[in-house]
Amino acid sequence: MPNIHTENLCKEFKEVVAVRDVTITFPTSTVTCLLGPSGCGKTTLLRMIAGLEKPTSGEIYFDDVQATALDPEKRNIGMVFQYPVVYRGLNVYRNIDLPLAQEKLSERERKKRIEEVVGVLDLRNSLEKNIDELDNSTRQKVAVARAIARKPQIILFDEPLTNVDVNTKVQLKEALKNLTRQLKQTIVYVTHDQTEAMTLADQIALMNEGQIVQQDTPRTLYNHPSDVFGGWFLGNPGMNFIEVRIENGEKPAKVKCAVFPKDVRLQDTHGEKTITLGIRPENVRILKEKSDTAVRAQVIRKSIQVGGQYLLLLKTGDVVLKSKVRPELGYGVGEEIWIEVLASQVIVFGKNGQRIETTLEI
């Protein structure tokens, strides 16, 4: 299976730059999720890879083969869109079988491939049903089955779970996870849903304003965002951001912040005078009693989140921040509590919003 590589890829629609100078490699036999907010350019990038949009500038390669000007039908790509693309008037079996027959596969091979995908996607009982009789969610499962059964070298998914019901979304997510691990095709999956990306991806390419902000494994992307946008976009809710000034004339430099009981040493300032501390809400720990590493905080508000976790809005000194805690801790929280933030779990960002490689120590 080929890897996909883009070189300085750009796409402009009159005054709007949808994709801006993107150079990225989608490794062979892996799932890469293009993740980002609506309008960030992820679908446009996907459509250029598919040959459905012509780049304004830049190149696309499948391995060492330049594919920029190739017609879509010559790229050996399968694609699943937001809305199900199906053959009206045919039953489910024929919808999946027709592209296989066009490739002149034997009847035995076609039946084998169809059997593989309909089992995983729970379509066995629908094989003889006319596609027009099915709801939108089931039609999308058929579209996914057809794309996978063809076994193209590359499969592109453009937010395939956006317009399906909740039950089908859960089922398709699990099915896609299993199928992508089995098939080892090169897969690019566009989504604005970070849960989908975290579940399905071997790596995530985070996009914002037409550019790739960061490309890494899901866990690295979450724990070590390269800039403020990644810290804000990933997580529910995103990071707490606290701006602090660096004390002059000290080596190592020191910063004062109300979430720490004393000044924190900063090993390398990179010439910054003001920095932003990024703290995940789950890293704001609630303690049952006073500690040398804890500070007193006032509980402004608490609410229950999905899964029963509590989200607390806290104030300590001049800092307001969020904490996400287990149900048993959140339930018993009063008006004042002790909180602890470990310096090792804080990400430091510079004035330009980029992460600074440095160490905080209390």
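Residues numbered from 1 in each chain as written. Predicted model: local features only at pLDDT ≥ 70, side-chain atom pairs only at ≥ 80, totals over all residues. Heavy atoms only, no water.

### So, the packing of aromatic side chains
For step 1, the next point in the chain: This structure, assessed with the given rule, holds 5 aromatic pairs.
For step 2, the next point in the chain: Ring centres of Phe157 and Tyr189 lie 5.6 Å apart, and the angle between their planes is 40°; this geometry places the pair in the tilted category. With Phe157 in strand 7 (residues 154-158) and Tyr189 in strand 8 (residues 186-191), this pair connects stretches of sequence that are 32 residues apart. For the pair shown, Phe157 and Tyr189 are each scored as buried.
For step 3, the next point in the chain: Between Trp232 and Phe233, the aromatic rings sit 6.1 Å apart at their centres with planes inclined by 55°, giving tilted as the arrangement. (Phe/Tyr/Trp six-rings, centres within 6.5 Å; stacked < 30°, edge-to-face > 60°. Helix = DSSP H or I, 4+ residues; strand = E, 2+ residues; numbered from the N terminus. Buried < 20%, exposed > 50% of the residue type's maximum accessible area, 1.4 Å probe, protein only.)

### Points about helix 2 (residues 92-102)
For step 1, the next point in the chain: Buried residues of helix 2: Val92, Asn95, Ile96, Asp97, Leu98, Pro99 and Leu100, and no others.
For step 2, the next point in the chain: In this fold, the buried residues of helix 2 make contact with helix 3 (107-120) and helix 4 (136-149).
For step 3, the next point in the chain: Capping of helix 2 at its N-terminal end is provided by Asn91; its side-chain oxygen lies 3.3 Å from the backbone amide nitrogen of Tyr93. (Contact = heavy atoms within 4.5 Å. Polar contact = N/O pair within 3.5 Å; in protein donor to acceptor, adjacent residues only side chain to side chain.)

### Quick notes on the nonpolar core
For step 1, the next point in the chain: Ile96, Leu121, Val144 and Phe157 are the most contacted members of the largest nonpolar core, which has 42 residues in total.
For step 2, the next point in the chain: Looking at this core element by element, the count peaks at 6 residues for helix 4.
For step 3, the next point in the chain: Sequence-distant contacts of Leu121, defined by excluding residues within four places in its chain, comprise Lys141, Val144, Ala145, Gln171, Leu172, Ala175 and Leu179.
For step 4, the next point in the chain: Counting residues in each nonpolar core, the second largest holds 34 residues, with Leu266, Ala297, Val319 and Val346 among its members. (Core = buried A, V, L, I, M, F, W, Y, C linked by side-chain atoms within 4.5 Å.)

### A look at the side chain of His5
For step 1, the next point in the chain: Along the chain, His5 turns up in strand 1 (residues 4-13).
For step 2, the next point in the chain: Leaving out residues up to four positions away in the same chain, His5 has contacts with Thr23, Ile24, Thr25, Glu59, Ile60 and Tyr61.

### A short note on the sheet that holds strand 21 (residues 360-361)
For step 1, the next point in the chain: Taken together, 6 strands build an open sheet; the order of strands is 20-14-11-12-13-21 and the sheet is antiparallel. Each edge of the open sheet carries a strand with a single partner, namely strand 20 (347-349) and strand 21.
For step 2, the next point in the chain: Pairing of strand 11 (residues 240-247) with strand 14 (residues 274-279) involves 6 bridges; the strand directions are antiparallel. Each bridged residue has a counterpart across the sheet, and for Phe241 the counterpart in strand 14 is Gly278. (Pairing = 2+ DSSP bridges.)

### Description of the pairing of strand 4 (residues 57-62)
For step 1, the next point in the chain: As paired strands, strand 1 and strand 4 are joined by 5 bridges and run antiparallel to one another. Of the residues in strand 4, the one forming a bridge with Ile4 is Phe62.
For step 2, the next point in the chain: With 2 bridges connecting them, strand 4 and strand 5 (residues 65-66) associate as antiparallel partners. Bridging across to strand 5, Tyr61 finds its partner in Gln66.
For step 3, the next point in the chain: Hairpin geometry of strand 4 and strand 5 is characterised by an intervening segment of 2 residues between the two adjacent antiparallel strands and by a positive phi of about 55° at Asp63.

### Quick notes on the sheet that holds strand 9 (residues 203-208)
For step 1, the next point in the chain: Read from one edge to the other, the open sheet built from 6 strands follows the order 6-7-8-3-9-10, with strand pairing classed as mixed. In the strand order of this sheet, the two ends are held by strand 6 (77-80) and strand 10 (211-216), each with one partner. Going from strand to strand, the sheet's axes swing by 15° on average, the running direction of each strand aside.
For step 2, the next point in the chain: The pairing of strand 3 (residues 31-35) with strand 8 spans 5 bridges and is classified as parallel. Residue Leu34 lies in a different strand from strand 8, and its bridge partner there is Val190. (Axes fitted to C-alpha atoms, helices over the stretch in contact; angles between N-to-C directions.)

By themselves, these figures tell us nothing about what the structure is for.
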